[in-house]
Amino acid sequence: MLGYLAAGALCVAAVLLVRTDVRFLADVPGLSSLLSEQCVVSGEGRLMSKEELSSYDGGAASPGLYLAVLGQVFDVYKGSKHYGPGGSYSFFSARDASRAYVSGDFTEQGLVDDVSELSPTQMLHLHNWYNFYQKNYTPVGKLIGRFYDEHGNPTKALEDALAVIDIGLQLKEQRQEENKQFPPCNSEFNAGVTKVWCSKHSGGIQRDWAGVPRKLYLAGYDGYRCVCVRTTGPPSEHLGSKQHNDKGDLENPSLQEYKDCNPLFDWCLLKE
């Protein structure tokens, strides 16, 4: 209760100090990052045009330091050394450059908000950036344009982007389950030869078996990846079965042995 009273007192003091309505406190550089959520909640619904956002570059005559990701505007004033003029990430400021977070193209042609051609995996990476800003900076409004209309409603472009992110999350979950069954191999490259090997913690997956290296081919993916395969017990698809040939997952049809490697060794030298 005292916390809410203190937050309310801070809001009132701020309003008196700048002699303006609390809805416009977000225009004071960095103030939104200092005030509580109770103060800035109305600012989160603010709508901004691209022209208005372009003035928030943190310069001497600028009203603040903002950037946008997927149409959500954030106050990044507390990160001025990174996002302000001359900062290493200043090219992200005063615009929505969502595509560049994934593409790495920081030219004017690349600093755009068109994410329509990004893959689910790339969109998942962008989603991680969005979550980073949500966690570390204050959302102050929405950008009118590609992702929100003039009334602040999500556009089809945003709905499409969120749908692709959802696919990316599903693929991530699927890959995590695959990694439990087929953990990635350890690997090192030396003098033109790649060594792959398995251990009870290869691929960051802790388990009570080491396994042997195999090539794993999956539908929808180009090529293969090296995985560690369980060599004893029932196959993963029928762990509860009592009738099996005690070969673990070795007979999985998506697996292939490495050429010129002992199929029962937990390591292999690749010269291919």
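The name given to the chain in an unreviewed UniProt entry is Neuferricin, with the source organism recorded as Staurois parvus. One UniProt comment on the chain, placed under Sequence similarities (unreviewed entry), says "Belongs to the cytochrome b5 family. MAPR subfamily."

This paragraph deals with the sheet that holds strand E1 (residues 46-48). Here four strands make up an open sheet; going across it, the order is E1-E4-E3-E2 and the pairing mixed. Two strands in the sheet have a free side with no partner beyond their single neighbour: E1 and strand E2 (66-69). Recorded for the sheet is a direction-independent mean angle of 40° between the axes of neighbouring strands. Relative to the sheet, helix H7 (residues 120-136) contacts E2, strand E3 (72-75) and strand E4 (138-143), its axis offset from that of E3 by approximately 45°.

Remark on secondary structure: sheet strands pair via backbone hydrogen bonds, oriented parallel or antiparallel. Across the sheet, which stays open at both edges, the three strands sit in the order E5-E6-E10 with antiparallel pairing between neighbours. Looking at strand neighbours, the two that pair on one side only are strand E5 (186-190) and strand E10 (267-270), the edges of this open sheet. Taken over all neighbouring pairs, the strand axes of this sheet differ in orientation by 15° on average, direction set aside. Of the strand pairs in this sheet, strand E6 (residues 193-197) and E10 are connected by four bridges, and their pairing is antiparallel. Paired with Val196 across the bridge in E10 is Cys268.

With 26 residues, helix H8 (residues 156-181) extends 38 Å from end C-alpha to end C-alpha; this agrees with the ideal 38 Å at 1.5 Å per step. All buried positions along H8 are accounted for by Leu158, Ala161, Ile165, Gly168, Glu178, Asn179 and Gln181. For H8, the elements touching its buried residues are H7 and strand E8 (225-229).

Turning next to unusual backbone geometry. Look at Ala94: it is not a glycine, yet its phi comes out positive at around 65°. Tracing the sequence through the fold places Ala94 in the loop between helix H5 (80-83) and helix H6 (100-103). On the accessibility criterion, Ala94 (11% relative accessible area) is buried.

To continue, consider the state of the cysteines. Scanning the model with the defined rule gives three disulfides in all. Through a disulfide, Cys185 is tied to Cys226; the S-S separation comes to 2.1 Å. Between Cys185 and Cys226, the S-S torsion sits near -80°, and that sign places the bridge as left-handed. Placement of Cys185 in the loop between H8 and E5 and of Cys226 in strand E8 is noted, with a sequence separation of 41 residues between them. Here the two residues Cys185 and Cys226 agree in accessibility, since each one is buried. Sulfur-sulfur distance for the disulfide between Cys261 and Cys268 comes to 1.7 Å. Across the disulfide from Cys261 to Cys268, rotation about the S-S bond amounts to roughly 60°, and the bridge is consequently right-handed.

Attention shifts here to the packing of aromatic side chains. Overall, the coordinates contain 22 aromatic pairs when judged by the stated rule. Taken together through their ring pairs, the aromatic side chains of Phe74, Tyr83, Tyr89, Phe91, Phe92, Tyr101, Phe106, Trp129, Tyr130, Phe132, Tyr133 and Tyr137 make up a single cluster. Its end group placed over the ring of Tyr224, Lys215 keeps NZ or CZ at 4.9 Å from the ring centre.

Ranked by size, the top nonpolar core spans 25 residues in total, and within it Leu67, Val69, Leu70 and Tyr133 carry the most contacts. Contributions of two or more residues to this core are made by E2, H6, H7 and H8. It is H7 that provides the largest number of residues to this core, a total of four residues. For Leu70, the residues in contact, after removing those within four places along its chain, are Asp96, Ser98, Val115, Leu126, Tyr130, Phe147, Tyr148, Leu158, Ala161 and Ile165. Counting ten residues, the second-largest nonpolar core is a separate cluster that includes Val196, Cys226, Tyr258 and Leu270.

About the cut-offs
- Residues numbered from 1 in each chain as written.
- Predicted model: local features only at pLDDT ≥ 70, side-chain atom pairs only at ≥ 80, totals over all residues.
- Heavy atoms only, no water.
- UniProt positions renumbered as here; feature names shortened; annotations may be inferred.
- Pairing = 2+ DSSP bridges.
- Helix = DSSP H or I, 4+ residues; strand = E, 2+ residues; numbered from the N terminus.
- Axes fitted to C-alpha atoms, helices over the stretch in contact; angles between N-to-C directions.
- Contact = heavy atoms within 4.5 Å.
- Expected span 1.5 Å × (residues − 1).
- Buried < 20%, exposed > 50% of the residue type's maximum accessible area, 1.4 Å probe, protein only.
- Disulfide = S-S within 2.5 Å.
- Phe/Tyr/Trp six-rings, centres within 6.5 Å; stacked < 30°, edge-to-face > 60°.
- Lys NZ or Arg CZ within 6 Å of the ring centre and 35° of its normal.
- Core = buried A, V, L, I, M, F, W, Y, C linked by side-chain atoms within 4.5 Å.

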